[in-house]
Amino acid sequence: MRFLLIGISLILFSACQQKKEEEHTGSAQTGTTPVESAEATSDQQVENHSAVTKGKIEAIREIPVYSRIAEQIVMFAIEGTGQEIRKGQVVARLSDAALQEKILHSRAKLEKAEFQYQAILMGQGYKHDHLDAAPDKIKQLARINSGYNEALAELHELQHTLSYYTITAPISGYVSQISNTLYGAAKPGEPLFYIVDIEHLKVSFDVLENELAKYENGASLSVSTLTFPSEHHTAIVSAIDPVIGANGMAHIEATLKPHPHLLPGMTAFITIATP
């Protein structure tokens, strides 16, 4: 019985030792796997972060809308910034009351000069119904002496000036920097407002000096936005700042094809397009 008890005790002790070794081995294996996975994920995130550059979509130009004459604004179609405007759309009208009065006087002056022209020709023996029979040189001298040419040129000039009283949009885009309003005084050389050209866009961004070699003039880039992350647009590098900034960054600009989902001010994510 004594030997039997000793044998059973030895067997139980051996089993307990084997179980502890297996648990220790399994715990070590379980702890190793997540560490390696975390390190691999971290390396992948660093690689992806370095491949994407953040930038801004900007308008290449903003066009000022001017008035050619000094006059009061009697119609102003601009309601606020961000308003969409189409090329050729009437955006403002100026008061033309004074000009219309000048046009009436000019027409009366022209009628008087025309009467004088006919009187000169009839004084030279040409009948009223056959004034066209006079030689061209005689008719030309009659127009000059009667003041007909001068009156006609004045009327044409006033009628042409009348077109300045209707102001139209020179391009399509969005309104910005409004500096006048309805019944305000339009002045030559002072813009009424600006139009942001949405047909010509660019994306601007900065890269580290050691990454500058990846970007060359004419290089193709892929651009996505924070608003529409699944959409990718093509941009072509158009300008590289030749001076490296104090922070070791180089400024790059790339032209974008217009798209309804691309607007100035949007946050953009730029990657080098793969062939």
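Data block above holds the structure.
Residues numbered from 1 in each chain as written. Predicted model: local features only at pLDDT ≥ 70, side-chain atom pairs only at ≥ 80, totals over all residues. Heavy atoms only, no water.

Thoughts on the packing of helix H2 (residues 97–123) against helix H3 (residues 136–146)
Part 1 of the argument: Contact geometry of H2 with H3 gives a least axis separation of 8 Å together with a crossing angle of 135°. With respect to H3, the element H2 is oriented oblique. Crossing of H2 against H3: the hand is right-handed. The segment H2 lies against H3, with Ala113, Gln116, Tyr117, Ile120 and Leu121 engaging Ile138, Lys139, Ala142, Arg143, Asn145 and Ser146.
Part 2 of the argument: Here the contact of H2 with H3 is composed, by residue class, of six nonpolar, three polar and two charged. (Axes fitted to C-alpha atoms, helices over the stretch in contact; angles between N-to-C directions. Helix = DSSP H or I, 4+ residues; strand = E, 2+ residues; numbered from the N terminus. Parallel < 35°, antiparallel > 145°, perpendicular 65-115°, else oblique. Left-handed = near helix turned anticlockwise from the far one by under 90°. Contact = heavy atoms within 4.5 Å. Nonpolar A, V, L, I, M, F, W, Y, C, P; charged D, E, K, R; others polar.)

Concerning the packing of H2 against helix H4 (residues 148–162)
Part 1 of the argument: Packing of H2 against H4 leaves a shortest axis separation of 9 Å and a crossing angle of 160°. Judged on the interaxial angle alone, H4 and H2 are roughly antiparallel. Our pair here, H2 against H4, has a crossing hand that is left-handed. Here H2 contributes Leu99, Gln100, Lys102, Ile103, Ser106, Arg107, Lys109, Leu110, Ala113 and Glu114 to the contact with H4, which in turn contributes Tyr148, Ala151, Leu152, Glu154, Leu155, Leu158, Gln159, Thr161 and Leu162.
Part 2 of the argument: A breakdown of the residues in the contact of H2 with H4 according to their chemical character gives 10 nonpolar, four polar and five charged.

Interpretation in functional terms is not warranted from these geometric data alone.
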